[in-house]
Each structure stands twice: as C-alpha cells, then as structure tokens.
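Coordinates in review
Each chain, written out:
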Amino acid sequence: MDPFPKKMKKQSPPPPNSTRSPDSSPFPDEVLDRVLSLLNSNKDRSSVSLVCKDWYNAESWSRTHVFIGNCYAVSPEIVARRFPRIKSVTLKGKPRFSDFNLVPRDWGADIQSWLVVFAQKYPFLEELRLKRMTISDESLEFLGVNFVNFKALSLLSCDGFSTDGIGAIAAHCRNLTELDIQENGIDDKSGSWLSCFPESFSSLEVLNFANFNSDVNFDALEKLVSRCKSLKVLKVNKNVSLELLQRLLICAPQLIELGTGSFLQLRTSRQFTELENTFRHCKNLKILSGLWEAMAPYLPVLYPACTNLTFLNLSYAALQSYELANLLGHCPQLRRLWVLDTVEDKGLESIGSNCPLLEELRVFPADPFDDEIIHGVTEAGFVAVSYGCRKLHYVLYFCRQMTNAAVATIVQNCPDFTHFRLCIMNPFQPDYTTNEPMDEAFGAVVKTCSKLQRLSVSGLLTDLTFEYIGKYAKNLETLSVAFAGSSDWGMQSVLGGCPKLRKLEMRDCPFGNVALLSGLEKYESMRSLWMSSCNVTMNGCRLLAREMPRLNVEVMKEEGSDDSQADKVYVYRSVAGTRRDAPPTVLTLSGL
C-alpha cells in the first residue's frame, strides 16, 4: 500500500479535533466515518483518499494503522502530519536481497529516528511490526519506556539487538499481548530475559522465541505461560525438550498455534503416553511448527492434535517420505504445508493423496549448497501434488530439475495460482528431457494463471520468457529473476507490459542501461527496482537520476570492482528526498 498517493500531496489533514463543513461533502460526517471504518484494505483506503479533499482528510484522521513498504520512501515526520491518530505501524527496511548478504550490513534502516517522532506524535502507539530493520537494545528500551499502552512487537529478519533489549520490553510493557521475535540476527546472551516479566503480568497472547539459541529459564517460562490464560500462540526454541514441552501444554491447552522444541529425548514409554494424552487435550490447535531433529518414533504423539490443523510447518524437520505420509494421514483439514526436500517425490505424492484442501505449498532445500546431494524433489513430485491439490494457489518450490511439460501440466491442474515461485537451483538449467530453455514453462504459467501476482523464474531462459510475461501477466505485482535472459529486450518487455508491477528484482542477468532507462515512466508507480551483477553502468544510473528527480537511485559498489560499473542498484520513489544516513558504501545519486 502506498499511503501517500500521487495526487493531493500538498493537502494537510485537519487537527484531530477539527470539524468539517457539512456543505463540503455530499455525505454527513457520521456516514463518512461509518464507511471508512468498514475499509480494512490498504488499497481501498488509498483509493478513497483520492475521491476529493474531504475524503482525503477524513481518511487521514480516521486511520489507525499504516503500512510502509520502504522506510526511506517517506519520513516519520510526513507520516505523523498525514495520519495524526496512528496506533499501529508496519515498517519494512532493507531490500529483500539483504537476506542473501548482498546488501552492506551498515546499509541503514535504523528505527530510532522513527521512534523519536512516534514518541512525540503517537504516545498512544500500541503495535510495531518491523521487517529487515535495525533496532538496538537502547531503541527497544526507549520503546518500552515511552509508550505506556504498548501491546504488540513483531521483529522479522531484524538485527542490532540482543536478549537484553527483549528483557527491557518484558520489564516495561505492562500491557504486552504479543512478542513475536522471528528469524532475526539477535545477540542471544541468555534466557534470563523471561524472568524480566513482572510476577503480576498476565496479558500475553502471542510469544515466539523459536529462533533463539540459548537455554531458557524454564521456571520463568512455565510461570509466565501459566499466568497468561489468553495465550494463543507459543513458539519455543529447540532447547525446550519434549518433557518440558508437555509441562507447558498442560498449562496452556487452549493454544491455537504451537512451535515445538527439539522433537526427541523421550526416554520411556510412559513419557510417550503422557505426551500423547496431553496433545489429545489440545483441541484448538490449528498451526504446528518446529519439530527440530524430529525422530520417527516420536511423531505419533502428534496424531491426536492433527485433526484440525490448517498449517503444518516442517521446514526445520528433515522428515523422510514415509514419516510425512503417516503424519499427513491425520491432517484432513490442511491448507498450508512447508516441508524440506528430504521428503522426496514419494513424500510429495502423499501430499497429493492426503491434502485435497491444500492452498499453499513450500518445499525448501535441506542443503542448497551441496551439488552432490542424493535426495531432493523433481518435477514428478510437483505434478503429483497438482493432481491431488486442485485448490493450490501459492507455491515455493526448490528443485534440481524441471521440464516445460511438467509446468504446463501443473498450471493446467491448478490455474488459480497467485504466487508461483519456482527455483531450479542449478543456474541456466534447461529442460533436462529436451535440453530446450524453460521459456514455455513460464509462458504456460502467465498464459494460464490470470490471477498471478508474484512470479519467480529460474533455469535456462531467453528473452521469450519475458515477452510472455509482458504480454500475459497483467496482474503481476512482483517479479524475481536470477541468471536469466538474453538481452535488454527481456527487461524492456516486462516494464512495457505489466501495468501493475510494483517490485522488480534482477540478479546476474544481461540487462544493461537500455533496459534500465526503458522504465522511466514505470518506476514512479513501483515500490522498488533491484539490479545486481547486471550490465548497468554508473553513467546509466546518473542519467536515470537526472531524468527522474523524484527517485532515489542508490548504487552499492563492491571492493575492487570497475569504477564504471554499477554493481548493485536499488531504485525507489521517495517523498522524503535523499536519505541522510547512507554509509560510504552506498552512493545516492538523486532525490528530491
């Protein structure tokens, strides 16, 4: 969502206590307020703000949540002026390729400047959800001290903090309902942060520390879980044994989502029976994840709790095909499933046989860097899933081989894909049965799947793939490309033919200045463009910056690279101008 539409940029919302003239709009204030209260979609709210000045102002002062997809696309001061009553903020920082270590660690996206403004303008802030942001322990303590009614903190793929900062949140946020710390670069000093919650604290509804590494203070955790009668989500780390997990489940049989610890260490048949009975009492369980180091003899303890599962995340459990098949036989309601490729094609066949309601499937590589690995999945498993799971509309599939015919069959069976992310892990891998490029595979995807919003392509691809995308993918919003294409024409076809494109990510492709400059009229309507290890030069980036002054064009240079080459280019629209905190490794060529 773009909370700052291109029109009416200079209009300012009225103060929170102002009143609007009843003659300035055909709708009375009460009616307009009621209409806006029914709009939960960010896109709908943005559209409403463009109707007229009164609707723009009404939408501004009635909004309580704001989503910002790029922390440098706008400043916190501009947000505060436009939306005076915000209680919940979702904020994204670094480009997605920071997950692959392609972005300098000191790139930016520090939350502190935002928190300072929020403390002045939004002392009533209740929720903060950050992704790929940098947040220090000092910022976490600032957050806990300055927002007395703060309730929810979610950190995903963030860095810069330690368990001391989490302890500060636990100590100061007396109304906290959600603490969700997931996949972050955290300095995990100890599990003592759990003892920072006051003894009277009992409001927690979500607690996720699954990716912490240290041993936890289990006594403090058990007391906390016992006190929080409204706890619905609990995801513990792998240092919590099955024996300890059972004690937690006895305290919280009402859980809807559970992330288990290490799924081994049961020593007696009595412990097995007791844990099985405990899971039998978890009648509300809908989501199950974790299962680190899962061993086949212990998986049956889960069976009593699987009846109502809608999401099963096995991305940390290296299950074999027969283990997955036995487990799925007890999960008739499954809509979402994440697995490792250790299940092989035989395991995927069991998905097609047991999961007719499945809507989302993600298959991750257990070891993506081992070229001699003997297990994995192929096109056969994917095809088997498509025959049995006709409601499938989201897929992320890592494999080592694929064919054009298989993909055509898959999308024919499942034509409602909105997200199709196929990763053939060997770059430039052709259809292994014909040795032809994979052009017709992705051509079949975009021709058949008219609802497609996100596409990731891989394998040996020529410009023909991108011609297909530009011609048929009219609802595409995000395109990710790696090691593909023949010439500038491929990128030109996409930029000229996808009217709803918002994010374009290209890595190790032959696209150069001609391709880059072909998007002059497209970039202002997009959230971002990423190009790395392509054929773009510094002169091409400078020309883009001159032609499009509303864009920030950032170039990240690699040590020892050719001075004329633009190694990594990140382009985004900003109403805040050039950022002031760019490190020396990031050269910003333009801004407002």
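Residues numbered from 1 in each chain as written. Predicted model: local features only at pLDDT ≥ 70, side-chain atom pairs only at ≥ 80, totals over all residues. Heavy atoms only, no water.

**Looking at helix α9 (residues 242–251)**
Applied cut-off: Only protein chains enter the calculation, and the probe is 1.4 Å; a residue is then buried if its accessible area is under 20% of its type maximum, exposed if over 50%, and partly exposed in between. Under the DSSP-based scheme used, a helix requires at least four consecutive residues in state H or I and a strand at least two consecutive residues in state E, with every element numbered from the N terminus. Within this analysis, the arc is defined by the directions that extend from the helix axis to the C-beta atoms. What makes two residues a contact is simply this: any of their non-hydrogen atoms within 4.5 Å.
Those residues of α9 not exposed but buried are Leu242, Leu245, Gln246, Leu248 and Leu249. Buried residues of α9 fall within an arc of 165° about the axis and therefore sit on the same side. Buried residues in α9 make contact with α8 (218–227), β9 (233–235), β10 (257–259) and α10 (269–280).

**Focus on the packing of aromatic side chains**
Applicable threshold: Pairing of aromatic side chains requires ring centres within 6.5 Å, counting the rings of Phe and Tyr and the six-membered ring of Trp. Pairs whose planes differ by under 30 degrees are stacked, by over 60 edge-to-face, and all others tilted. Here, over-ring charges are defined by two tests on the NZ atom of lysine or the CZ atom of arginine: distance to the ring centre within 6 Å, and angle to the ring normal within 35 degrees.
A full pass over the atoms with the stated rule returns 20 aromatic pairs. With 5.2 Å between their ring centres and 20° between their planes, Phe97 and Trp530 make a pair best called stacked. With Phe97 in the loop between β2 (88–92) and α5 (112–121) and Trp530 in strand β20 (residues 528–532), this residue pair connects regions lying 433 residues apart in the sequence. The exposure class of Trp530 is buried, given its relative accessible area of 2%. Between Phe382 and Phe420, the ring centres sit 6.1 Å apart and the planes meet at 20°, which makes this aromatic pair stacked. Here Phe382, found in helix α13 (residues 379–388), pairs with Phe420, found in strand β16 (residues 419–424); they are 38 residues apart in sequence, far enough to count as distant. Of the aromatic side chains, those joined through ring pairs into one cluster are Tyr72, Phe97, Trp107, Trp530, Tyr570 and Tyr572. In this structure, Arg96 is placed above the aromatic ring of Phe97, and the distance from its NZ or CZ to the ring centre is 5.3 Å. Its end group placed over the ring of Tyr72, Arg579 keeps NZ or CZ at 4.4 Å from the ring centre.

**Describing the pattern of salt bridges**
Using the following cut-off: For this document, the term salt bridge refers to a Lys or Arg side-chain nitrogen within 4 Å of an Asp or Glu carboxyl oxygen.
Inspection of every chain in the model, using the stated rule, returns 18 salt bridges. A salt bridge links Glu257 to Lys235; the shortest N-O distance between them is 3.5 Å. Taken together, the residues Glu257 in strand β10 and Lys235 in strand β9 connect sequence positions 22 residues apart. With a closest N to O distance of 3.9 Å, Lys346 and Glu349 form a salt bridge. Note that Lys346 and Glu349 are positioned in helix α12 (residues 344–354) at a spacing of 3 residues, about one turn of the helix. Take Glu349: its relative accessible area is 35%, and that puts it in the partly exposed class. Connected through shared salt-bridge partners, Glu127, Arg129 and Glu178 make up one network.

**Digging into the confidence of the model for the chain**
In plain terms, the rule: Summary of the metric used: pLDDT quantifies the predictor's per-residue confidence within the range 0 to 100.
On average, residues of the chain score 90 in pLDDT, and 90% of them reach the 70 mark or higher. Overall, residues 3–23 carries pLDDT values under 50, and its contacts beyond four positions in sequence, including any with other chains, amount to 46 contacts.

**Here we look at the environment of Gln182**
Looking at where Gln182 falls in the secondary structure, it is placed in strand β6 (residues 178–182). Of the residues examined, Gln182 reaches a relative accessible area of 26% and is grouped as partly exposed. Once the C-alpha coordinates of Gln182 and Arg550 are considered, the two residues, 368 residues apart in sequence, prove to be 34 Å apart. Once you skip the residues sitting within four places of it in the chain, Gln182 turns out to touch Leu155, Leu156, Ser157, Asn208, Asn211 and Lys235.

**Here's the deal with the nonpolar core**
Convention followed: Working definition of a nonpolar core: buried Ala, Val, Leu, Ile, Met, Phe, Trp, Tyr and Cys residues. They are joined through side-chain atoms within 4.5 Å.
Core analysis: the biggest nonpolar cluster contains 178 residues, and Ile351, Phe420, Leu455 and Ile469 have the highest contact counts within it. Sequence-distant contacts of Leu455, that is, excluding residues within four places in its chain, are made with Phe420, Phe442, Val445, Val446, Ile469, Leu476, Thr478, Leu479 and Ser480.

**Considering the pairing of strand β1 (residues 65–68)**
Note the following rule: We call two strands paired when DSSP finds no fewer than two bridges between them.
As judged from the 4 bridges shared by β1 and β2, these two strands associate in the parallel manner. Bridging from a neighbouring strand, His65 pairs with Ser88 of β2.

**Observations concerning the packing of helix α11 (residues 321–328) against α12**
Between two packed helices, what matters for the description is the angle formed by their axes and the separation of those axes. Note the threshold: A fitted line through C-alpha atoms serves as each axis, taken over the contacting stretch for helices, and the angle formed by two N-to-C directions is quoted from 0 to 180°. Any angle that is under 35 degrees is reported as roughly parallel, and any over 145 degrees as roughly antiparallel; angles of 65 to 115 degrees are reported as roughly perpendicular and all others as oblique. Handedness of a helix crossing follows the sense of rotation of the near helix relative to the far helix, less than a right angle counterclockwise being left-handed and clockwise being right-handed. Note on residue categories: nonpolar means Ala, Val, Leu, Ile, Met, Phe, Trp, Tyr, Cys or Pro, charged means Asp, Glu, Lys or Arg, and polar means any other residue, Gly included.
Packing of α11 against α12 brings their axes to within 8 Å, and their N-to-C directions diverge by 15°. By the angle between their axes, α11 is roughly parallel relative to α12. In the packing of α11 onto α12, the handedness of the crossing is right-handed. Residues Ser321, Leu324, Ala325 and Leu328 of α11 touch α12, and the partners they reach there are Lys346, Gly347, Ser350, Ile351 and Asn354. Taken together, the residues that form the contact of α11 with α12 break down as 4 nonpolar, 4 polar and 1 charged.

**Concerning helix α7 (residues 163–172)**
Worth spelling out the cut-off: Distance and chemistry together define a polar contact, namely a pair of N or O atoms within 3.5 Å, with one atom able to donate a hydrogen and the other to accept it when in protein, and with adjacent residues in sequence counting only for side-chain atoms on both sides.
Counting buried positions over the 10 residues of α7 gives 7, a clear majority of the element. All of the buried residues along α7 are Thr163, Gly165, Ile166, Gly167, Ala168, Ile169 and Ala170. Buried residues in α7 make contact with α6 (137–146), β4 (152–156), β5 (159–162), β6 and β7 (185–187). With a side-chain oxygen lying 3.1 Å from the backbone nitrogen of Asp164, the N-terminal cap of α7 falls on Ser162.

**Topic: the state of the cysteines**
Definition in use: Cysteine sulfur atoms are paired as a disulfide whenever they come within 2.5 Å of each other.
Within the structure shown, the criterion is met by 0 disulfides. Counting only cysteine sulfurs, Cys196 is the nearest neighbor of Cys173, a cysteine outside any disulfide, at a range of 12 Å. In this structure Cys228 is a free cysteine whose sulfur lies 11 Å from that of Cys251, the closest cysteine sulfur available.

**Focus on the pairing of strand β15 (residues 394–399)**
What counts is decided by this rule: The definition of a right-handed crossover adopted here requires that, viewed with the strands pointing away, the path from the first strand over the helix to the second runs clockwise.
Most of β15 sits out of view: 6 of its 6 residues are buried. Of the two faces of β15, the one lined by Tyr394, Leu396 and Phe398 and the one lined by Val395, Tyr397 and Cys399 are each fully buried. Direction of pairing for strand β14 (residues 360–364) relative to β15: parallel, over a ladder of 4 bridges. Paired with Arg362 across the bridge in β15 is Leu396. Note: β15 against β16, 6 bridges, orientation parallel. Looking across to β16, one finds that Val395 is bridged to Phe420. Traced from β15 through helix α14 (residues 404–413) to β16, the parallel crossover comes out right-handed.

**Description of unusual backbone geometry**
Its identity as a non-glycine residue notwithstanding, Ala109 has a phi of 70°, on the positive side. Along the chain, Ala109 turns up in the loop between β2 and α5. The buried category is assigned to Ala109, whose relative accessible area is 0%. Even without being glycine, Glu183 reaches a positive phi, approximately 55°. Note that Glu183 resides in the loop between β6 and β7.

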